[in-house]
Amino acid sequence: MDLTHGIKSQQHKLMLTNIGKTSKNICLQIWQKNTCNSKGDFNDNKASPVNLRNTDDNCKEFHQLRPNRRTDHAPLLGRVATVEIKSHSLRISYPRVGKEDLTVPSADIPQGWGKFLHVAYCEFKVPASHTMQGKKFVAEMNCYIIQKAGRGLGVFTILFEIGSFNKLLDQAICAFQTVWQTGKNACSRGGRRDLEEEVDVVDNDDGDNDFRARKFENTNTSMFRDLQENSKCGGGWNPFEFMYQTKSWHFYGYKGTLMEPPCSQIVEHRVFDTPAEMSIGQLEDMKKILFTHQDPRTCQYTSVHNKFESVARPLQPSQRSRIHRCTCRDFISYKERNQSGMRTCPRGQEARWMANPTDLVPAPGERWDL
């Protein structure tokens, strides 16, 4: 699948078509260090992810992210989406389709692009890569939307915190578990060696990710829940429903980079200011799927998580990233506009119109994150 239409840089094309295909040794270097040489490359420290903090009183948007309600959302294990377990994420990819196609999720992302654009892929990472005002989150979902005119990528991000069981998320977990089980079955039959059964678990970590995967699997006493008791893999799945779960239309925005080498500065990030929820059991399932997945061809563990059980790229310096905070003073939802006849909320009444009425005043430059 070509995800690079409209992106002229050959470097960008090489990165987008080879994500997840890097050799294991290179992946280890990328995800254990993963600095992308910010000072030496062209991104000038405007890298991602960052600690989200309002530093720019200039919201560039005037409307909410608007999903295409006409989309006929397909099951994850159907013919439209491709479910993959990458070395650093759990990914759901979509094919490139024509602009009028209604089988792939699309949205009008607030960036002045002025039209519905299709999602290229969504991926889950544990823990979250971004923080918000210094607060950490247990997971995040990034959905990449490609601008066909060569104007870069739009990425909307949902953060997750521990709370109630999330049925929509469980549909995705169920699909990822199916892929995980394929690898497990292939490495447990036909005389092929099952790597986790041949090691004694000891308190020693020399940087070997195979060791970490085996240790995680052997010490994680909780087995997968019976997902079919809570949700079905086969239902139509809409990533934008997570946005509605946050009950917020507002977000942080900044111009940043891809979070994988070459970390090109072609991304417009939009991170919602209120998290969705997942249960502890769902978080543990996602960790097990990601950290203990085996390549069915080689039976090697694929994850590049570190000893802290993280595949997230480290936070990057953000003193040169202008992070704007869009609030109800910039726009309210379309539904609220229709009901109230207003386009924005009055100053001082943010608590009435926003799920997260904090961080409304930009921090001065000397207080930016270093």
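What counts and how
Residues numbered from 1 in each chain as written. Predicted model: local features only at pLDDT ≥ 70, side-chain atom pairs only at ≥ 80, totals over all residues. Heavy atoms only, no water. Helix = DSSP H or I, 4+ residues; strand = E, 2+ residues; numbered from the N terminus. Buried < 20%, exposed > 50% of the residue type's maximum accessible area, 1.4 Å probe, protein only. Contact = heavy atoms within 4.5 Å. Areas by Shrake-Rupley, 256 points an atom, 1.4 Å probe, with all protein chains shown as cover. Disulfide = S-S within 2.5 Å. Polar contact = N/O pair within 3.5 Å; in protein donor to acceptor, adjacent residues only side chain to side chain. Core = buried A, V, L, I, M, F, W, Y, C linked by side-chain atoms within 4.5 Å. Pairing = 2+ DSSP bridges. pLDDT = per-residue confidence, 0-100. Expected span 1.5 Å × (residues − 1).

Asker: Even after reading the chapter, I still don't get the overall build of the chain, so can you show me in this structure?
Answerer: Counting its secondary structure elements, the chain contains 8 helices and 13 strands. Within the span of the chain, comprising 370 residues, buried residues form 55% of the whole. Intrachain contacts of the chain at a sequence separation of at least 6 include 73% that bridge at least 24 residues. By element, 48% of the accessible surface of the chain is carried by carbon and sulfur atoms, the whole surface being about 16600 Å².

Asker: In this structure, what is going on with the state of the cysteines? I would like to understand it.
Answerer: By definition, a disulfide links two cysteine residues through a covalent bond between their sulfur atoms. A full pass over the atoms with the stated rule returns 4 disulfides. The disulfide bridge from Cys 59 ends at Cys 326, spanning 2.1 Å between sulfur atoms. Sign of the S-S torsion, about 95° for the bond between Cys 59 and Cys 326, identifies this disulfide as right-handed. With a gap of 267 residues between them, Cys 59 in the loop between strand 1 (51–52) and strand 2 (66–67) and Cys 326 in strand 13 (residues 324–326) connect regions that are remote in the sequence.

Asker: Where do I start with the side chain of Thr 274 in this structure?
Answerer: Looking at the secondary structure, you find Thr 274 in the loop between strand 11 (267–272) and strand 12 (276–278). Classification of Thr 274 as buried rests on a relative accessible area of 14%. Here Asp 273 takes part through its side chain, which lies 2.9 Å from a polar atom of the side chain of Thr 274. Other than its neighbours up to four places away in sequence, Thr 274 contacts Thr 246, Ser 248, Ala 355 and Asn 356.

Asker: It is not clear to me how the nonpolar core should be interpreted in this structure. Could you clarify?
Answerer: A general tendency of soluble globular proteins is for nonpolar side chains to be buried together. If you look at the biggest cluster of nonpolar residues, it comprises 49 residues, and the most contacted ones within it are Phe 124, Met 141 and Trp 237. Among residues more than four places away in sequence, those in contact with Trp 237 are His 73, Ala 74, Leu 76, Ile 92, Tyr 94, Phe 124, Met 141, Leu 168, Gln 171, Ala 172 and Phe 242.

Asker: Looking at this structure, how should I read the pairing of strand 8 (residues 139–146)?
Answerer: Of all 8 residues that make up strand 8, 8 are buried, and the element is covered over most of its length. Alternating residues of strand 8 divide into Ala 139, Met 141, Cys 143 and Ile 145 and Glu 140, Asn 142, Tyr 144 and Ile 146, and every residue in both groups is buried. Sheet analysis places strand 6 (residues 117–125) next to strand 8, joined by 6 bridges and oriented antiparallel. Counterpart to Cys 122 in the pairing with strand 8 is Cys 143. Across 8 bridges, the pairing between strand 8 and strand 9 (residues 153–162) is antiparallel. Bridge pairing in strand 9 links Asn 142 to Thr 157.

Asker: Which parts of the structure should I look at to understand the confidence of the model for the chain?
Answerer: In regions of low pLDDT, the predicted coordinates are not meant to be interpreted in detail. Of all residues in the chain, 71% attain a pLDDT of 70 or more, and the chain-wide mean is 79. Of all helices and strands in the chain, the one with the weakest mean pLDDT is helix 2 (residues 24–32) (40), whereas strand 12 scores best (98). This model gives residues 38–43 a pLDDT under 50, and the stretch forms 15 contacts once residues within four places in sequence are excluded.

Asker: Help me out: how do you make sense of the environment of Ser 248 in this one?
Answerer: As for its placement among the helices and strands, Ser 248 is situated in the loop between helix 5 (241–246) and strand 10 (251–256). The exposure class assigned to Ser 248 is buried, which follows from its relative accessible area of 2%. Polar contacts involving the side chain of Ser 248 include one to the side chain of Asp 273, which spans 2.6 Å.

Asker: Even after reading the chapter, I still don't get unusual backbone geometry, so can you show me in this structure?
Answerer: With the exception of glycine, the majority of residues adopt a negative phi angle, and the majority of peptide bonds are in the trans configuration. The omega torsion across Ser 48 and Pro 49 is 0°, close enough to zero to call that bond cis. Note that Pro 49 resides in the loop between helix 2 and strand 1. Cis geometry is adopted by the peptide bond preceding Pro 127, which originates at Val 126 and carries an omega value of -10°. Along the chain, Pro 127 falls in the loop between strand 6 and strand 7 (131–132). Within the chain, Glu 309 stands out as a residue other than glycine whose phi angle is a positive 60°. Looking at the secondary structure, you find Glu 309 in the loop between helix 6 (280–291) and strand 13. The exposure class of Glu 309 is partly exposed, given its relative accessible area of 29%. Phi angles above zero are rare outside glycine, and Asp 359 is one such case at about 55°.

Asker: In this structure, what is going on with helix 3 (residues 167–186)? I would like to understand it.
Answerer: An α-helical segment advances 3.6 residues per turn. Residues three or four places apart therefore align on the same side. Its 20 residues give helix 3 an end-to-end C-alpha distance of 29 Å, which sits within 8% of 28 Å, the value for a rise of 1.5 Å per residue. The buried count for helix 3 comes to 14 of 20 residues, which makes it a mostly enclosed element. The opening residue of helix 3, the one whose side-chain oxygen lies 3.2 Å from the backbone nitrogen of Leu 168, is Asn 166.

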